[in-house]
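Coordinate analysis (summary)
Read off the chains here:
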Amino acid sequence: MIRPGRMLALLAFAQFTVAVDYNIVYVALPDIGRAIGFSAQSLQWVVSAYAVAFGGFLLFGGRLVDRLGGRRVFILGSVIFGLACLAGGFATEPGVLVAARAAQGFGGALLSPATLMLINTRFEEGPARTRALAVWGAAGSGGLAAGALSGGVLTQAWGWEWVLFVLVPPALAAAALAPAVLPPDERHAVTRGGFDVPGAVLATLGSALLVLGLVGGPEAGWVSVRGLGFLAAGLLLLGAFALVEGRTKDALVPLRLFADRGLVTAIGVILVFQSALGGAYYLFTTYLQGVLGYEALEAGLAFVPLTVISMGASLRLAGALLVRWGPRATLFAGMAVNGTGMVLLAVAMSTGASYWMLLPGVAVWGIGGGVTFPAMFVCAASGVRPSEAGIASAVATTAQQVGGAAGLAVLVAIATAGLGDPPAAQAVLDGLRTAMWIGGTASVLGGLLAFVLPRPKAAVTPVSG
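We now turn to the structure provided with this report. (Residues numbered from 1 in each chain as written. Predicted model: local features only at pLDDT ≥ 70, side-chain atom pairs only at ≥ 80, totals over all residues. Heavy atoms only, no water.)

Turning our eyes to something else, we now look at the overall build of the protein. Scanning the protein from N- to C-terminus turns up 18 helices and 0 strands. A compact globule built from 465 residues should have a C-alpha radius of gyration of about 23 Å, and the protein, at 21 Å, falls within 12% of that. By principal-axis analysis of the C-alpha atoms, the protein measures approximately 60 × 50 × 45 Å. Out of the 465 residues belonging to the protein, those deemed buried represent 55%. Carbon and sulfur atoms make up 69% of the accessible area of the protein, which amounts to about 18500 Å² in all. Averaging the coordinates of the 25 positive side-chain charges in the protein and doing the same for the 19 negative ones gives two points 14 Å apart. (Helix = DSSP H or I, 4+ residues; strand = E, 2+ residues; numbered from the N terminus. Rg over C-alpha atoms; globule rule 2.2 N^0.38 Å. Buried < 20%, exposed > 50% of the residue type's maximum accessible area, 1.4 Å probe, protein only. Areas by Shrake-Rupley, 256 points an atom, 1.4 Å probe, with all protein chains shown as cover. Lys, Arg positive; Asp, Glu negative; His and termini not counted. Charge placed at Lys NZ, Arg CZ, Asp CG, Glu CD.)

Now for the side chain of Thr 398. Secondary-structure assignment places Thr 398 in helix H16 (residues 389-416). A residue is classified by how much of its surface remains accessible, and Thr 398, at 11% relative accessible area, is buried. A distance of 2.7 Å separates the side chain of Thr 398 from the backbone oxygen of Ala 394, its partner in a polar contact. Excluding residues that lie within four positions of it along the chain, Thr 398 makes contacts with Gly 55, Leu 58 and Leu 59. (Polar contact = N/O pair within 3.5 Å; in protein donor to acceptor, adjacent residues only side chain to side chain. Contact = heavy atoms within 4.5 Å.)

Attention shifts here to the packing of helix H13 (residues 304-325) against helix H14 (residues 327-348). It is the contact of H13 with H14, at a shortest axis distance of 7 Å, that shows an interaxial angle of 135°. For the element pair H13 / H14, the angle class is oblique. Note on element contacts: H14 touches H13 through Pro 327, Ala 329, Thr 330 and Ala 333, opposite Ala 318, Leu 321, Leu 322 and Trp 325. (Axes fitted to C-alpha atoms, helices over the stretch in contact; angles between N-to-C directions. Parallel < 35°, antiparallel > 145°, perpendicular 65-115°, else oblique.)

Turning next to the packing of helix H15 (residues 355-381) against H16. Each pair of packed helices can be summarised by the angle the axes make with each other and by the distance between the axes. Contact pair H15 / H16: the axes reach a minimum separation of 10 Å and the direction vectors enclose 140°. Between H15 and H16, the interaxial angle falls into the category oblique. Here H15 and H16 pass one another in a crossing that is right-handed. Contact residues: Phe 373, Phe 377 and Ala 380 in H15; Ala 396, Thr 397 and Gln 400 in H16. (Left-handed = near helix turned anticlockwise from the far one by under 90°.)

With the rule as written, the count across this model stands at 12 aromatic pairs. Arranged with centres 5.3 Å apart and planes meeting at 80°, the rings of Trp 162 and Phe 165 form a pair that is edge-to-face. Residue Trp 162 and its partner Phe 165 are located together in helix H7 (residues 162-165), separated by 3 residues, close to a single helical turn. (Phe/Tyr/Trp six-rings, centres within 6.5 Å; stacked < 30°, edge-to-face > 60°.)

On to the nonpolar core. Judged by nonpolar contacts, the single largest core of 116 residues is most densely connected at Ile 32, Phe 74, Phe 284, Tyr 287 and Leu 358. Here this core gets 15 residues from one element, more than from any other, and that element is helix H11 (residues 261-291). Ignoring sequence-local partners within four residues, the contact set of Ile 32 consists of Val 25, Gly 37, Phe 38, Leu 43, Val 46, Leu 97 and Trp 160. Membership of the second largest hydrophobic core comes to 10 residues, among which are Ala 208, Leu 212, Leu 231 and Ala 405. (Core = buried A, V, L, I, M, F, W, Y, C linked by side-chain atoms within 4.5 Å.)

Moving on, we get to a nonpolar patch on the surface. A cluster of nonpolar side chains, contributed by Val 79, Leu 83, Leu 86, Phe 90 and Leu 172, occupies part of the molecular surface with about 420 Å² of accessible area. By relative accessible area, which is 31% here, Val 79 ends up partly exposed. (Patch = residues over 30% accessible without salt bridge, like charges linked within 9 Å, V, L, I, M, F, W, Y side chains within 5 Å. Salt bridge = Lys/Arg side-chain N within 4 Å of Asp/Glu carboxyl O.)

Right, let's talk about the pattern of salt bridges for a bit. By the definition in use, this model includes 5 salt bridges. Here Arg 34 ties to Asp 31 by a salt bridge, and the two come within 3.4 Å at their closest N and O atoms. Of this pair, Arg 34 and Asp 31 both sit in helix H2 (residues 29-36), separated by 3 residues, roughly a single helical turn. Its relative accessible area of 63% is what places Arg 34 among the exposed residues.

This brings us to H15. End to end, H15 covers 38 Å across 27 residues, agreeing with the expected 39 Å (1.5 Å per residue, within 8%). Its maximal kink placed at Gly 361, H15 deviates by approximately 25°. For H15, the buried fraction is high: 20 of the 27 residues fall into the buried class. (Expected span 1.5 Å × (residues − 1). Bend = angle between axes of the 7 residues up to and from the residue.)

Turning our attention to the environment of Thr 434. Residue placement: Thr 434 occurs in helix H17 (residues 425-446). When the C-alpha positions of Thr 434 and Gly 326 are compared, they lie 33 Å apart, and in sequence the two are 108 residues distant. A polar atom in the side chain of Thr 434 sits 2.9 Å from the backbone oxygen of Asp 430.

As structure tokens, this is what we get:
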């Protein structure tokens, strides 16, 4: 007998594991570079290889979920992710580690849409799904903090290898538990017909090049092959992908999905929110270590209040607001509060600020992010056919990845504009503060997109009794 509580616990656990990996490697990068022999220019590929593979294969993974079923792909993704972490931990040369990180990204690109698809199809639309997505979002927030904190602890105590080894047991345990905890895949999951190979190739290459251009542009220069060249090639391939999908019977991404105003609006909000969030994490980390002089472990600890508050807002506040206000008002409120927190943080940033001066902005930022995250994915999942839940989840998650990469590139470019070599401390602070201001303002203005949501689909059935 499948128990919803156990199923949600496993799906949240998988989300937690993937989220840990997002942050856990950053603190270990200097040690990795010294141990394996990366150059200063090539070290970024430890992060970029994962990001490019994850973003590039999400649409493929989402459609695979719809074809093979959520449980099958959940198991496959967990195994690939776990084995890639193991291989990466044993790597002794740069090429092997970069390949292992790319394989991790591929595993995550299968696991993420499978997890979301299972929530969106196994929990009834309304309060049950809202609560499940709140738990899922809180697990993701907890994973981000655990990654930042444990990365410093593990690297300092046992070496950089353990930032990868530590992820092997949870990933393989999730795969082992899945047959007993997750429901069997329904018949509609194994859809008849062919698999859209041209669409899969174009979507994967186009998405990967787009993310690669956003990741590589700040370092190589935007007017370069790795910057504008990859961005242009990615957009060209995605344009060709759209043309192919309009003429394909068994399309990788059915274009009718984009007739759903709720999904399209959610994608827009996700792009803006993740652009601000992805950049803000980097800006705050750089401020703590580069301006205030925090050690890596201290910087990780500084994110704990943000994450605890964000988890609490996801679990306790987001669901209640979605039931009472509906997604339109909840999304706007979450984005506005999130952006306000970032602006408050920018105001408090100085060369001699104490952490207590920064904490009010951190707290408001955490509340807004915790409310916004579940609400975005509630909107993205509303009204989507069960047989297309996987690809709809993948489209939303692709927007999350692209938004994060774009926001990081733009805000880092703003923060570092005009810096000398070596940069003056006050100039670094001014750049970080300006970028945080812009990110916060974008979040507030992006919240206005919530009012594009159609009113009939925005209503959430109240809890009875």
